[in-house]
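A look at the structure
Residue-level listing of the chains:
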Amino acid sequence: MPARPRRPQVPGPTVPVYVISVAAELTGLHPQTLRQYDRAGLVSPGRTGGGGRRYSLRDIELLREVAELTATGIGLEGVRRILELEHQVAALRARNTELRGQVGELQSALQTTLDTLRGHRPNLPALRPPGTITPWR
């Protein structure tokens with residue numbers, strides 16, 4: 001049986017593969033602007049052994065977002081704060097989803113426990129409110 005031809009692997013969104021000139025072309029930004037964003041800590045591309053920058057698809061998306069924000073007149077510190085807040089919101093949403101799942105599991109476990117208890121004590125009398133029981137005389 002003949003060997004199947006290998007299909008080239010497409011890098012994932014976080015794999016740093018694009019050199020600065022390609023990243024600049026993909027974002028419409030000047031390479032010097034990309035260096036400035038890197039120095040400012042807004043985008044942190046991967047590095048080669050020799051120190052060259054390598055950008056991932058996620059880095060490219062982030063560069064585009066930074067460019068959009070700066071185009072509206074927001075300074076780099078403002079952009080940094082916006083990105084931090086967006087990251088916090090994403091983390092809180094993920095935590096909220098996680099907690100909602102835990103609440104659902106706990107509600108299910110509680111219902112199972114209540115159903116089990118009802119099944120084991122079918123002949124218990126109903127409880128009377130406090131103060132309605134007359135003492136023995």
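First, a word on what this report is: a plain description of the structure on this page. No experiment lies behind these values; they were computed from the predicted model shown.

Before going further, it helps to spend a moment on the packing of helix α1 (residues 20-27) against helix α2 (residues 31-39). Geometry of a packed helix pair, given as the angle between the helix axes and the separation of the axes. Where α1 contacts α2, the axes come no closer than 9 Å and their chain directions differ by 100 degrees. Put simply, α1 runs roughly perpendicular to α2. When α1 is examined against α2, the residues Ile-20, Ala-23, Ala-24 and Thr-27 are found in contact with a partner set consisting of Pro-31, Leu-34 and Arg-35. Considering only residue class, the contact of α1 with α2 consists of five nonpolar, one polar and one charged.

What follows deals with the sheet that holds strand β3 (residues 53-55). Sheets are built from strands paired through backbone hydrogen bonds, the pairs being either parallel or antiparallel. Reading across the sheet, the three strands line up as β1-β3-β2 and stay open at both edges, with antiparallel pairing between neighbours. Looking at strand neighbours, the two that pair on one side only are β1 (18-19) and β2 (46-47), the edges of this open sheet. As defined by bridge partners, β2 adjoins β3 across two bridges and the pair is classed as antiparallel. Its bridge partner being in β3, Gly-46 is matched across the sheet by Arg-54. On the sheet, helix α3 (residues 57-71) packs against β1, β2 and β3 and is oriented at approximately 85 degrees with respect to β3.

Definitions and cut-offs
Residues numbered from 1 in each chain as written. Predicted model: local features only at pLDDT ≥ 70, side-chain atom pairs only at ≥ 80, totals over all residues. Heavy atoms only, no water. Axes fitted to C-alpha atoms, helices over the stretch in contact; angles between N-to-C directions. Helix = DSSP H or I, 4+ residues; strand = E, 2+ residues; numbered from the N terminus. Parallel < 35°, antiparallel > 145°, perpendicular 65-115°, else oblique. Contact = heavy atoms within 4.5 Å. Nonpolar A, V, L, I, M, F, W, Y, C, P; charged D, E, K, R; others polar. Pairing = 2+ DSSP bridges.

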